[in-house]
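For reference, the chains in residue letters:
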Amino acid sequence: MRTRTAPVPGTAAHTTLSRHPAAARRARIWARTTLGGWSVTGPTADDAELIVSELVTNAIVHSLGRIRAHLAIGPEGLRIEVHDAGPAPLRPTVDTAASGRGLAITRSLSTGCGWDSAPGRSTAWATLPAAA
């Protein structure tokens, strides 16, 4: 895992992860550490950590190659992005199975979410309000 973390709010951080089951755990730790460095704690950090984990897990399952997680914080809030070399994520499901609910969880926790795709690349994103 390669990491670059910005030391103050109003900037951004990213990490590159291998497409491996341990990547989601590594992404959670990275997000928690990065947000703590920006003094983002409590429910906002909890929600961001879960969203990062869900989006990275989706990339592990549906993408090819490396995964890049990105956090950016500013006056308008926190933006979470996960970039991968795969198709756009599937639509959220209402299934009660043990998997397949990550995008629904992301939608319920965030103020906005979606995805963008370009040939050979997909970006899933979510936003959270600025921490109080």
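Residues numbered from 1 in each chain as written. Predicted model: local features only at pLDDT ≥ 70, side-chain atom pairs only at ≥ 80, totals over all residues. Heavy atoms only, no water.

Notes on the packing of helix H1 (residues 23-37) against helix H2 (residues 42-62)
Geometrically, a packed helix pair is captured by the angle between its two axes and the distance between the axes. This is how it is decided: What counts as an axis is a line fitted to C-alpha atoms, over the stretch in contact for a helix, and the angles between N-to-C directions run from 0 to 180 degrees. Numbering of helices and strands runs from the N terminus; a helix is a DSSP stretch of H or I covering at least four residues, while a strand is a stretch of E covering at least two. Roughly parallel refers to an angle under 35 degrees, roughly antiparallel to one over 145, roughly perpendicular to one between 65 and 115, and oblique to any angle outside these ranges. A crossing counts as left-handed when the near helix is turned anticlockwise from the far one by less than a right angle, and as right-handed when that turn is clockwise. Contacts between residues were defined by any pair of non-hydrogen atoms, one from each residue, lying within 4.5 Å. Residues are grouped as follows: nonpolar covers Ala, Val, Leu, Ile, Met, Phe, Trp, Tyr, Cys and Pro; charged covers Asp, Glu, Lys and Arg; every other residue, Gly included, is treated as polar.
Between H1 and H2, whose axes approach to 8 Å, the crossing angle comes to 150°. On the basis of their axis angle, the class for H1 and H2 is roughly antiparallel. Along this stretch, H1 crosses H2, giving a crossing that reads as right-handed. Here H1 contributes Ala23, Ala24, Ala27, Arg28, Ala31, Arg32 and Leu35 to the contact with H2, which in turn contributes Ala45, Asp46, Ala48, Glu49, Val52, Ser53, Val56, Thr57 and Ile60. Counted by class, the contact of H1 with H2 contains 10 nonpolar, 2 polar and 4 charged residues.

A few points about the confidence of the model for the protein chain
So the rule is basically this: Scored between 0 and 100, pLDDT is the confidence that the predictor attaches to each residue.
Predicted confidence across the protein chain gives a mean pLDDT of 82, with 80% of residues reaching 70 or more. Long-range and interchain partners of residues 1-7, a stretch whose pLDDT sits below 50, account for 23 contacts in this model, where long-range means more than four residues apart. Low confidence marks residues 92-96, where pLDDT is under 50. Its contacts with residues over four positions away, or in another chain, come to 8 contacts.

Observations concerning the packing of H2 against helix H3 (residues 102-109)
Taken N-terminus to C-terminus, the directions of H2 and H3 make an angle of 155°; their axes are 9 Å apart at the nearest point. Judged on the interaxial angle alone, H3 and H2 are roughly antiparallel. Classified by chirality, the crossing of H3 by H2 is left-handed. Contacts from Asp47, Leu50, Ile51, Glu54 and Leu55 of H2 reach H3 at Gly102, Leu103, Ile105, Thr106 and Leu109.

Digging into the pattern of salt bridges
Under the convention used in this document: For salt bridges, the criterion is a side-chain nitrogen of Lys or Arg within 4 Å of an Asp or Glu carboxyl oxygen. Burial here depends on accessible area, computed with a 1.4 Å probe over protein chains only, as a share of the maximum for the residue type. Under 20% is buried, over 50% is exposed, and the range in between is partly exposed.
Going through the model one piece at a time under the given rule, you end up with 3 salt bridges. Between arginine 32 and glutamate 49 there is a salt bridge, with the nearest N and O atoms lying 2.4 Å from each other. Within this pair, whereas arginine 32 is found in helix H1, its partner glutamate 49 is found in helix H2, the two being separated by 17 residues in sequence. Residue arginine 32 is classed as partly exposed on the basis of its relative accessible area of 33%. Among the residues examined, glutamate 49 registers a relative accessible area of 17% and is labelled buried. For glutamate 81, the salt bridge is made with arginine 79, and the minimal N-O distance between the two is 2.6 Å. For arginine 79, a relative accessible area of 28% gives the class partly exposed. When salt bridges that share partners are traced, they join Arg32, Asp46 and Glu49 into one network.

Remarks on unusual backbone geometry
Notably, serine 39 is not glycine yet its phi reads approximately 65°, a positive angle. By relative accessible area, serine 39 is classed as exposed at 61%.

As for H2
Quick reminder of the rule: In this scheme, a helix's expected span is set at 1.5 Å multiplied by one less than its residue total.
Helix length check: H2, at 21 residues, gives a terminal C-alpha distance of 30 Å against a target of 30 Å (1.5 Å per residue), a fit within 8%. Residues of H2 that are buried include every one of Thr44, Ala45, Ala48, Glu49, Ile51, Val52, Ser53, Leu55, Val56, Asn58, Ala59 and Ile60, and no others. Those residues of H2 that are buried are in contact with strand S2 (12-17), H1, strand S3 (67-74), strand S4 (77-84), H3 and strand S6 (121-128).

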